[in-house]
Amino acid sequence: MDLDIAPADEAFRAEARDWLAAHVPAVPLPSLETAEGFAAHREWERQLAADRWSVVSWPREHGGRDASLLRWLLFEEEYYAAGAPGRVGQNGIHLLAPTLFEHGTDEQRARVLGPMARGEAVWAQAWSEPESGSDLASLRSTAVRTDGGWLLNGQKTWSSRAAFADRAFGLFRSDPDAARPHQGLSYLMFPLDAPGVTVRPLGRLDGKPAFAELFLDDVFVPDADLIGAPGQGWRVAMSTAGNERGLTLRSPGRFTAAAGRLAALWHEMGGTAGTALGERVADALIGARAYQLFGYAQVSRLGAGGAVGAESSLTKVFWSELDLALHETALDLLGPYGALADGADEAPAHGSWADGYTFSLAGPIYAGTNEIQRDLIAERLLGLPKGRR
Ligand SMILES: Cc1cc2nc3c(=O)[nH]c(=O)nc-3n(C[C@H](O)[C@H](O)[C@H](O)COP(=O)(O)OP(=O)(O)OC[C@H]3O[C@@H](n4cnc5c(N)ncnc54)[C@H](O)[C@@H]3O)c2cc1C
């Protein structure tokens, strides 16, 4: 692999850096897990989109810049290095959009992608159910055929930012008589303010109110909002899951920037080389750099026609464990101040270390737990026999 970045790609990076330097808010926006922060982040999405920075790798007709995946990686490095706000549109942009590019119709892409890119429609993922998380194929919510569409019933849970989002994409059992649980599922989009939808916030460790569960009571969805063929939802969902676990949701830039901030913090706190904490800081830097190089390798493989595949499980375990170790190290460096979250007067870095730590605790769980990912790595990448399920 050639690690030299071409001048045109460097020019793209410089353009992104200049734009971010001119636009990133000087004071961090309130948390996107609150109503106020959600609105502020939606406005930030609009600003990004106005200058075509919200979805750089998408085609221009949908608001992107037709940028290569390498350029997307470079953009993300600049984005996180600039300390730019978190992306409230991430579930739509990184999960639903790639699914629509692969399985949607032209009409769906034309209707859904523009408002998503501009932050006008923020999407929630409605997959998990109270008894169907890891064993997602056991889900029980139903989609029943009706005139011109489907009626949705059931309960979805653990839906990130659904308390404030506009629309959701979910999996529903449309054929209860299918021979196997993975068959007979359909993938549908629905508005969260539709008649029959109740959104109820779920408590989170940090007390923020955006996480929610959804109750669906005869919610009508037109045929136009079915993605892929009826009963083929599992196949479509696996394309979403690959993106969720892989690079796009958690780009390397996020970790190289965080590891850089950790190293700066270590210096600021007068850290001494050769200590256990110093070694953990070095490990975080090495881990972030390794993930960055893996990212470059992966986009060059994809550019040459390769697919993401089971390697996304490897990526998922790596980024989630790196995030956790990095934040644990920061809190150990900060001592008691590290526990101060945003809003507290003396919170270091506006509480971002404490917030990042609580969020990193969830990394080994969401996007498919790391236990399940390790099973997939064992079976699909190492060729080991199937474990007991
Ligand atoms: C912060 C956060 C955000 C989330 N956001 C969303 C969202 O936006 N939309 C959405 O649909 N879902 C979301 N989820 C849900 C998430 O995908 C599920 O929590 C996850 O898939 C695990 O499912 P579960 O919670 O039902 O745990 P379970 O499946 O009940 O698992 C419990 C434990 O048992 C282990 N386990 C289960 N089966 C096996 C097995 N066969 N082999 C080995 N170990 C096993 C698991 O690894 C885990 O440690 C989110 C979760 C969190 C924490």
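Residues numbered from 1 in each chain as written. Predicted model: local features only at pLDDT ≥ 70, side-chain atom pairs only at ≥ 80, totals over all residues. Heavy atoms only, no water.

The name that an unreviewed UniProt entry assigns to the chain is Acyl-CoA dehydrogenase, with the source organism given as Streptomyces angustmyceticus. In its Sequence similarities (unreviewed entry) section, the UniProt record describing the chain reads: "Belongs to the acyl-CoA dehydrogenase family." (UniProt positions renumbered as here; feature names shortened; annotations may be inferred.)

Overview of the overall build of the chain
Helix and strand counts for the chain come out as 11 helices and 8 strands. Expected size for 389 residues packed as a compact globule is a radius of gyration near 21 Å; at 21 Å, the chain falls within 12% of this value. In terms of principal-axis extent, the alpha carbons of the chain reach across some 70 × 45 × 45 Å. Here the chain, with 389 residues, has 49% of them falling under the buried criterion. Sequence separation of at least 24 residues holds for 71% of the intrachain contacts in the chain that already meet a minimum separation of 6. About 17700 Å² of surface is accessible on the chain, with carbon and sulfur atoms providing 55% of the total. Seen as two clouds, the 36 positive and the 50 negative side-chain charges of the chain have centres 4 Å apart. (Helix = DSSP H or I, 4+ residues; strand = E, 2+ residues; numbered from the N terminus. Rg over C-alpha atoms; globule rule 2.2 N^0.38 Å. Buried < 20%, exposed > 50% of the residue type's maximum accessible area, 1.4 Å probe, protein only. Contact = heavy atoms within 4.5 Å. Areas by Shrake-Rupley, 256 points an atom, 1.4 Å probe, with all protein chains shown as cover. Lys, Arg positive; Asp, Glu negative; His and termini not counted. Charge placed at Lys NZ, Arg CZ, Asp CG, Glu CD.)

Some thoughts on the packing of aromatic side chains
For any pair of aromatic rings, the description consists of the separation of the ring centres together with the inter-plane angle of the planes. By the definition in use, this model includes 16 aromatic pairs. Between the aromatic rings of Trp58 and Phe101, the centroid separation amounts to 5.6 Å while the plane-to-plane angle is 80°, which identifies the pairing as edge-to-face. Highlighted residues: Trp58 in the loop between helix H2 (35–50) and helix H3 (69–81) and Phe101 in helix H4 (residues 90–103), separated in sequence by 43 residues. The class for Phe101 is partly exposed, based on a relative accessible area of 31%. (Phe/Tyr/Trp six-rings, centres within 6.5 Å; stacked < 30°, edge-to-face > 60°.)

Overview of the packing of H4 against helix H6 (residues 233–245)
Closest axis-to-axis distance for the H4/H6 pair is 8 Å, and the angle between their directions is 135°. Taken as axis vectors, H4 and H6 run oblique relative to one another. As H4 packs across H6, the resulting crossing turns out to be right-handed. Along its contact with H4, which presents His94, Leu95, Pro98, Thr99, Glu102 and His103, the element H6 presents Arg235, Val236, Ser239, Thr240, Asn243 and Glu244. The residue makeup of the contact of H4 with H6, split by class, is 3 nonpolar, 6 polar and 3 charged. (Axes fitted to C-alpha atoms, helices over the stretch in contact; angles between N-to-C directions. Parallel < 35°, antiparallel > 145°, perpendicular 65-115°, else oblique. Left-handed = near helix turned anticlockwise from the far one by under 90°. Nonpolar A, V, L, I, M, F, W, Y, C, P; charged D, E, K, R; others polar.)

Concerning the site of the ligand
Taken together, the neighbourhood of the ligand is formed by 17 residues, with Ser128, Ser134, Trp158, Thr369 and Glu371 sitting nearest. For the ligand, an oxygen atom lies 3.0 Å from a polar atom in the backbone of Trp127. The side chain of Ser160 places a nitrogen or oxygen atom 2.8 Å from a nitrogen atom of the ligand. In the complex, 68% of the free accessible area of the ligand, which totals 970 Å², lies under the protein chains. Looking at the shell around the ligand, the elements that each hand over two or more residues are strand E3 (149–159) and helix H11 (370–381). Among the elements that make up the shell around the ligand, the one with the highest residue count is H11 (3 residues). Residue classes in the shell around the ligand are distributed as 7 nonpolar, 7 polar and 3 charged. (Near = heavy atom within 4 Å. Polar contact = N/O pair within 3.5 Å; in protein donor to acceptor, adjacent residues only side chain to side chain.)

Regarding unusual backbone geometry
When glycine is set aside, most residues are seen to have a negative phi, and most peptide bonds are trans. A positive phi is found at Arg52, a non-glycine position, where the angle reads about 60°. Within the secondary structure, Arg52 sits in the loop between H2 and H3. Positive phi outside glycine occurs at His350, with the angle close to 55°. On the secondary structure map, His350 appears in the loop between helix H9 (311–334) and helix H10 (352–362). Classification of His350 as exposed rests on a relative accessible area of 52%.

Section: the domain arrangement of the chain
When the domains of the chain are assigned, the result is domain 1 (7–87), domain 2 (123–231) and domain 3 (250–382). Its C-alpha centre places domain 1 at a distance of 21 Å from the equivalent point of domain 3. Between domain 1 and domain 3, the contact holds 13 residues from the first and 13 residues from the second. Counting the surface lost from both domain 1 and domain 3, the interface buries some 1000 Å², and carbon and sulfur atoms represent 70% of this. Three residues stand out in domain 1 for area buried against domain 3, namely Leu73, Glu77 and Tyr80, and they jointly supply 51% of the buried area on that side. Between the two partners, domain 1 and domain 3, sit 0 salt bridges. Taken together, the connections running from domain 1 to domain 3 amount to 4 residue pairs in polar contact (both at pLDDT 80 or more). For the side of domain 1 that touches domain 3, the element with the most residues is H3, which contributes 9 residues. Of the residues contributing to the side of domain 1 that touches domain 3, the split by class is 8 nonpolar, 2 polar and 3 charged. (Domains from an automatic or database assignment. Buried area = accessible area lost by both parts, 1.4 Å probe. Salt bridge = Lys/Arg side-chain N within 4 Å of Asp/Glu carboxyl O.)

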